[in-house]
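One-letter residues, chain by chain:
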Amino acid sequence: MSEKRRDYLTWDEYFMGVACLSAQRSKDPNTQVGACVVNRKKKIVGIGYNGFPTGCSDDELPWAREGGALDTKYAYVCHAELNAILNSIVSDLEGCTLYVALFPCNECAKIIIQSGIKEIVYLSDKYAETDIVRASKTMLEMAGVKWRKLSDCRDSVTVRLSEDCV
Ligand SMILES: O=c1ccn([C@H]2C[C@H](O)[C@@H](COP(=O)(O)O)O2)c(=O)[nH]1
Ligand SMILES: [Zn+2]
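Attention in this report is confined to the structure presented alongside it. Just so it is clear, the model here is predicted, and its values are computed rather than measured.

A word on unusual backbone geometry
A positive phi angle, close to 65°, is found at Lys 42, a residue other than glycine. Tracing the sequence through the fold places Lys 42 in the loop between β1 (34-38) and β2 (44-49). Residue classification places Lys 42 among the partly exposed residues on the basis of a relative accessible area of 39%. Look at Asp 152: it is not a glycine, yet its phi comes out positive at around 50°. Position of Asp 152 relative to the elements: it lies in the segment after β5 (146-149).

Topic: the sheet that holds strand β4 (residues 119-124)
One open sheet accounts for 5 strands, arranged β2-β1-β3-β4-β5; its pairing is mixed. The strands lining the two open edges of the sheet, one partner per strand, are β2 and β5. Strand-to-strand, the axes of this sheet are offset by a mean angle of 15°, without reference to chain direction. Summarising the sheet, β1 and β2 pair through 5 bridges and their orientation is antiparallel. Each bridged residue has a counterpart across the sheet, and for Ala 35 the counterpart in β2 is Gly 48.

As for the pattern of salt bridges
It is possible for side chains of opposite charge to pair when their charged atoms get near one another. Counting across every chain of the model gives 13 salt bridges. Residue Lys 27 pairs with Asp 58 through a salt bridge whose shortest N-O separation is 3.4 Å. Taken as a pair, Lys 27 in the loop between α1 (11-23) and β1 and Asp 58 in the loop between β2 and α2 (80-86) lie far apart in primary sequence, 31 residues in all. Here the salt bridges share partners, and the residues they tie into one network are Asp 12, Glu 119 and Arg 148.

Details of the coordination of the zinc ion (ligand 2)
Donor atoms from the polypeptide that bind the zinc ion (ligand 2) are His 79 (ND1), Cys 105 (SG) and Cys 108 (SG), placed at 2.0 to 2.2 Å. Because the angles between the 4 donor atoms bound to the zinc ion (ligand 2) fall within 104 to 119°, the donor set is best described as tetrahedral. Summarised as a motif, the one-chain spacing of the donors to the zinc ion (ligand 2) is H-x25-C-x2-C. On the criterion of sequence distance, the pair formed by His 79 in the loop between β2 and α2 and Cys 108 in helix α3 (residues 106-115) is long-range, its members being 29 residues apart. By relative accessible area, His 79 is classed as partly exposed at 30%.

Details of the site of ligand 1
Near ligand 1 you find 18 residues, and of these Asp 28, Thr 31, Lys 73, Tyr 74 and Tyr 127 are the closest. One nitrogen or oxygen atom from the main chain of Cys 105 is found 2.9 Å from an oxygen atom belonging to ligand 1. Bound to the protein, ligand 1 loses 95% of the 460 Å² it would expose on its own. Of the residues belonging to the shell around ligand 1, the class tally is 9 nonpolar, 4 polar and 5 charged.

A short note on the pairing of β1
With 5 of 5 residues buried, β1 is to be regarded as a mostly interior element. Of the two faces of β1, the one lined by Gly 34, Cys 36 and Val 38 and the one lined by Ala 35 and Val 37 are each fully buried. Two elements, β1 and strand β3 (residues 97-102), share 4 bridges in a ladder whose sense is antiparallel. When the bridges of β3 are listed, Val 38 appears paired with Thr 97.

Scoring rules and cut-offs
- Residues numbered from 1 in each chain as written.
- Chains lettered and ligands numbered in written order.
- Predicted model: local features only at pLDDT ≥ 70, side-chain atom pairs only at ≥ 80, totals over all residues.
- Heavy atoms only, no water.
- Helix = DSSP H or I, 4+ residues; strand = E, 2+ residues; numbered from the N terminus.
- Buried < 20%, exposed > 50% of the residue type's maximum accessible area, 1.4 Å probe, protein only.
- Pairing = 2+ DSSP bridges.
- Axes fitted to C-alpha atoms, helices over the stretch in contact; angles between N-to-C directions.
- Salt bridge = Lys/Arg side-chain N within 4 Å of Asp/Glu carboxyl O.
- Donors = N, O, S within 2.8 Å, 3.2 Å for Na, K, Ca; no water.
- Tetrahedral: all angles 85-135°; square planar, octahedral: opposite > 155°, others 65-115°.
- Near = heavy atom within 4 Å.
- Polar contact = N/O pair within 3.5 Å; in protein donor to acceptor, adjacent residues only side chain to side chain.
- Areas by Shrake-Rupley, 256 points an atom, 1.4 Å probe, with all protein chains shown as cover.
- Nonpolar A, V, L, I, M, F, W, Y, C, P; charged D, E, K, R; others polar.

This is how it looks when you write it as structure tokens:
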């Protein structure tokens with residue numbers, strides 16, 4: 001009898017891996033964000049990535065970061081967390097954990113709090129010094145939503161898509 005594998009993904013690696021795979025669907029040329037909502041039973045209940053709303057053309061709306069308010073992506077893009085929550089297959093996210101590549105902004109923090117999500121696991125906090133993220137943390141703390149940076153884990157996961165993947 002052979003021994004069980006030892007190098008299988010941890011739950012954290014698995015759920016963050018799903019979030020990061022989802023991020024690869026994003027058309028944003030600068031920052032691709034993926035999010036994965038997991039319930040208390042370790043079941044995935046929602047996945048999303050940043051992109052324009054359904055029916056709003058990726059080719060017609062701007063991906064620019066700078067310019068007039070109507071000429072940048074910020075006026076139009078749906079954040080990964082919003083999409084993951086709206087894509088949820090259940091109506092109640094009370095007690096769920098959100099795995100997300102980038103620390104959520106203030107608008108996402110509001111949605112996370114209102115949805116009942118109780119924990120955020122993230123990889124990057126590259127906008128930590130902005131007022132947007134400061135406001136986000138203020139609200140999350142007040143609402144009792146915990147957050148932690150994913151650490152002590154492998155730094156990449158390979159997904160093979162060839163016939164000999166098994
Ligand atoms: O909470 C967040 C914050 C940002 N995003 C998305 C929105 C944009 O598509 C990018 C950020 O673009 P930058 O060029 O880095 O400003 O990330 C998100 O999904 N969730
Ligand atoms: Zn956001």
